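Residues per chain are reported as follows:
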Amino acid sequence: MTVRTRFAPSPTGFLHIGGARTALFSWAYARRHGGTFILRIEDTDVARSTPEAVQAIIDGMQWLGLAHDEGPFYQMQRMERYKEVIAQMLAAGTAYHCYTSKDELDALRAEQEAKKEKPRYDGRWRPEAGKTLPPVPAGVAPVVRFKNPLDGVVAWDDQVKGRIEFANTELDDFIIARGDGTPTYNFCVVVDDWDMGITHVIRGDDHVNNTPRQINVLSALGATVPQYAHLSMILGDDGQKLSKRHGAVSVMQYDEDGYLPEAVLNYLARLGWSHGDDEVFAMEQFVQWFDLDHITASAAQFNTEKLNWLNAHYLKLADPARLAGEVERRLAAQNVALAGGPELAKVAALYRDRATNLNELADAVHPFYVVPMPSDDVRTQHLTPAALTALGALREKLATCGWTAAELGPVIKQTAAEQGLKMPQVAIPLRVALLGLPQSPAIDAVLEVLGRERVLVRLDATLSAG
RNA sequence: GUCCCUAUCGUCUAGAGGCCUAGGACAAUACCCUUUCACGGUAUGAACCGGGGUUCGAAUCCCCGUGGGGACGCCA
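These numbers were taken from a predicted model, which means no experiment stands behind them.

## Details of the overall build of chain A
Phase 1: Helix and strand counts for chain A stand at 19 helices and twelve strands.
Phase 2: Expected size for 466 residues packed as a compact globule is a radius of gyration near 23 Å; at 32 Å, chain A overshoots this value by more than 25%.
Phase 3: Expressed as lengths along the three principal axes of its C-alpha atoms, the size of chain A is roughly 110 × 45 × 40 Å.
Phase 4: Counting only residues that meet the buried cut, chain A has 49% of its 466 residues in that class.
Phase 5: Once local pairs closer than 6 in sequence are excluded, the contacts in chain A between residues at least 24 apart make up 75%.
Phase 6: Entry remark: accessible area of chain A is about 21900 Å², with carbon and sulfur atoms responsible for 52%.

Below, the structure is given as structure tokens:
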């Protein structure tokens with residue numbers, strides 16, 4: 001059996017972190033088994049679905065590198081098929097028309113709630129042998145209800161949560177088509193999963209309660225019931241449920257915040273799934289390891305600090321040329337021109353071990369391209385008369401010495417010794433003079449990358465100002 | 001209210017009856033490295049929700065509580 005999985009978001013907003021993880025696991029499972037990963041857009045909620053949201057979901061998946069093999073399929077384009085199946089079920093007697101109005105339903109629900117009962121349809125229009133149905137009211141467009149079994153249990157072996165059983169008495173005859181003939185969610189999902197030959201349904205555990213209904217419909221249609229794996233939800237950093245109002249952000253926001261997709265992917269993979277003590281792994285490795293057995297059944301809290309750590313890790317590994325591209329994008333947004341400055345990839349390489357994200361990297365690199373203005377505090381603290389004297393002496397040597405870090409280090413050390421100063425007493429003022437900050441990577445490496453010409457210009461400016 | 005799911009360090013997790021004196025990672029703390037700040041390295045502290053069973057033996061199995069989450073729509 002070839003594995004076929006699907007990711008089926010409804011396009012009512014961006015792709016958030018929970019959806020991304022669901023997509024990742026579905027994708028990984030298909031890849032792991034040489035199967036097919038399908039993207040299906042569940043857009044039957046016409047009022048809330050938008051093309052922008054569809055695009056946002058596709059963009060998010062693309063950024064993460066989760067490519068689908070089939071689709072995207074749109075449910076709105078499959079209406080004829082759903083109606084066809086409904087007609088078949090009506091004919092077969094596994095579904096029936098119900099003329100109960102919304103008002104009557106509301107009244108029924110209120111009555112049941114008053115009696116502290118679980119609200120459910122009472123089956124008044126359900127045809128049974130020997131039962132007389134109420135007279136059909138004029139002018140009412142009936143809904144179609146599924147004829148759910150009255151007794152027995154629906155059970156499945158959830159690949160994450162283990163065996164789950166529901167008594168059919170807990171389920172009522174749910175609506176599969178509205179008064180206007182449009183099919184409802186639980187029905188569309190069933191027909192789609194069936195038609196698309198989905199073998200493994202990997203989705204959020206908010207769907208656990210839908211599963212017995214879907215299984216019953218599948219059975220009524222004579223369809224094979226797929227395997228189900230219900231993933232628990234991801235909680236926010238504060239332990240609270242993620243919602244549009246609270247904490248849920250688009251995966252694209254992570255791009256904007258300077259995260260690398262491989263870091264987000266690695267983090268997400270490890271959130272709710274484990275492979276022994278392994279923490280850091282590439283997607284290739286993940287796909288080889290991924291299975292449904294090691295998915296955690298309970299909800300997981302998002303931890304930005306761990307994501308940050310992973311991001312810093314992948315930043316250290318990243319190709320400087322790639323980092324240069326990312327940083328350039330960010331500097332351009334701040335109208336920082338790179339022309340006339342040192343080679344960006346080299347500067348990025350100097351700083352990639354020290355940054356947590358690409359925005360920090362961009363900030364760190366910034367003074368290499370825009371002559372910095374140290375604050376008065378920094379100036380008075382570090383550019384003391386003694387320091388300026390030393391910088392003056394150093395400037396003369398820098399005009400002529402060799403220009404590699406290996407050569408520059410000794411020059412600075414020697415100057416410090418000649419001035420009767422310790423290394424930091426020269427190196428720090430030099431940092432301030434060149435970059436406007438008392439901290440930087442190894443000063444000799446900074447000099448090498450900045451280049452003799454720019455170093456001398458900046459030193460002269462500092463010396464004449466001081 | 002009813003039904004369903006769930007419960008190991010602050011957080012993510014390992015753990016499938018003896019390998020558990022409960023392991024790893026992030027975070028925290030300390031120290032080391034160092035030319036500053038980082039990075040890095042080393043070390044330390046930190047958990048089996050409670051109560052009953054089952055068993056020679058339970059973090060692991062069962063039951064009952066409690067906490068957390070979800071569902072009960074002509075939403076998806």
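## With respect to helix α8 (residues 261-270)
Phase 1: Of all ten residues in α8, nine are buried, a share of seventy percent or more.
Phase 2: Of all the positions in α8, only Pro261, Ala263, Val264, Leu265, Asn266, Tyr267, Leu268, Ala269 and Arg270 are classed as buried.
Phase 3: Among the residues trailing α8, Gly272 stands out with phi positive, at a value near 95°.

## A look at the packing of helix α16 (residues 405-418) against helix α17 (residues 423-435)
Phase 1: At a minimum axis distance of 8 Å, the contact between α16 and α17 shows a crossing angle of 120°. Taken as axis vectors, α16 and α17 run oblique relative to one another. In terms of crossing hand, the pair formed by α16 and α17 is right-handed. Each of Ile412, Lys413 and Ala416 in α16 lies in contact with α17, whose residues at this interface are Met423, Val426 and Leu430.

## Quick look at the packing of aromatic side chains
Phase 1: With the rule as written, the count across this model stands at 16 aromatic pairs.
Phase 2: An angle of 45° between the planes, with centres 6.4 Å apart, marks the rings of Phe25 and Phe286 as tilted. Placement of Phe25 in helix α1 (residues 17-32) and of Phe286 in helix α9 (residues 283-289) is noted, with a sequence separation of 261 residues between them.
Phase 3: Overall, the relative accessible area of 0% leaves Phe25 in the buried class.
Phase 4: According to the relative accessible area criterion, Phe286 is buried, its value standing at 0%.
Phase 5: Ring plane angle 50° and centroid distance 6.2 Å describe the contact between Tyr254 and Phe302, whose orientation is recorded as tilted. Highlighted residues: Tyr254 in helix α7 (residues 251-256) and Phe302 in the loop between β12 (300-301) and α10 (304-317), separated in sequence by 48 residues. In terms of burial, Tyr254 and Phe302 fall into one category: buried.

## A word on the protein's contact with RNA strand B
Phase 1: If you check the shell around RNA strand B, you find 62 residues, and the closest are Lys116, Arg178, Glu279, Arg354 and Ser440.
Phase 2: Of all atoms in RNA strand B that approach within 4 Å of the protein, 66% are sugar or phosphate atoms.
Phase 3: Measuring from a sugar or linking oxygen of RNA strand B, one finds a backbone N or O atom of Pro119 at 2.8 Å.
Phase 4: Mapped onto the surface near RNA strand B, the elements with two or more residues apiece are α4 (102-114), β7 (162-167), α5 (185-195), β12, α10, α17 and α18 (443-450).
Phase 5: Tallied by class, the residues present in the surface near RNA strand B amount to 20 nonpolar, 18 polar and 24 charged.

## Some remarks on the environment of Asn209
Phase 1: Topologically, Asn209 is positioned in the loop between β9 (200-204) and α6 (211-220).
Phase 2: Residue Asn209 is classed as partly exposed on the basis of its relative accessible area of 49%.

## Overview of unusual backbone geometry
Phase 1: At the junction of Gly71 and Pro72, the peptide bond is cis and its omega measures out at 0° in the coordinates.
Phase 2: Here Pro72 is to be found in strand β3 (residues 70-74).
Phase 3: The backbone of Asn335 sits at a positive phi, close to 60°, despite the residue not being glycine.
Phase 4: In this structure, Asn335 sits in the loop between α11 (320-333) and α12 (344-351).
Phase 5: Under the relative-accessibility criterion, Asn335 is labelled exposed at 71%.

## Some details on the pairing of strand β1 (residues 4-7)
The side chains of a regular strand alternate, first on one face of the sheet and then on the other.
Phase 1: Of the two faces of β1, the one carrying Arg4 and Arg6 and the one carrying Thr5 and Phe7 are both buried.
Phase 2: Relative to strand β2 (residues 36-41), β1 runs parallel, the two sharing four bridges. Looking at β2, one finds that Thr5 is bridged to Phe37.
Phase 3: Handedness of the crossover is the feature at issue here: the chain leaves β1, passes through α1, returns alongside β2, and the resulting connection is right-handed.

The rules behind these values
Residues numbered from 1 in each chain as written. Chains lettered and ligands numbered in written order. Predicted model: local features only at pLDDT ≥ 70, side-chain atom pairs only at ≥ 80, totals over all residues. Heavy atoms only, no water. Helix = DSSP H or I, 4+ residues; strand = E, 2+ residues; numbered from the N terminus. Rg over C-alpha atoms; globule rule 2.2 N^0.38 Å. Buried < 20%, exposed > 50% of the residue type's maximum accessible area, 1.4 Å probe, protein only. Contact = heavy atoms within 4.5 Å. Areas by Shrake-Rupley, 256 points an atom, 1.4 Å probe, with all protein chains shown as cover. Axes fitted to C-alpha atoms, helices over the stretch in contact; angles between N-to-C directions. Parallel < 35°, antiparallel > 145°, perpendicular 65-115°, else oblique. Left-handed = near helix turned anticlockwise from the far one by under 90°. Phe/Tyr/Trp six-rings, centres within 6.5 Å; stacked < 30°, edge-to-face > 60°. Near = heavy atom within 4 Å. Polar contact = N/O pair within 3.5 Å; in protein donor to acceptor, adjacent residues only side chain to side chain. Nonpolar A, V, L, I, M, F, W, Y, C, P; charged D, E, K, R; others polar. Pairing = 2+ DSSP bridges. Right-handed = clockwise from strand over helix to strand, strands pointing away.

Shape is all these values report; function is a separate question.
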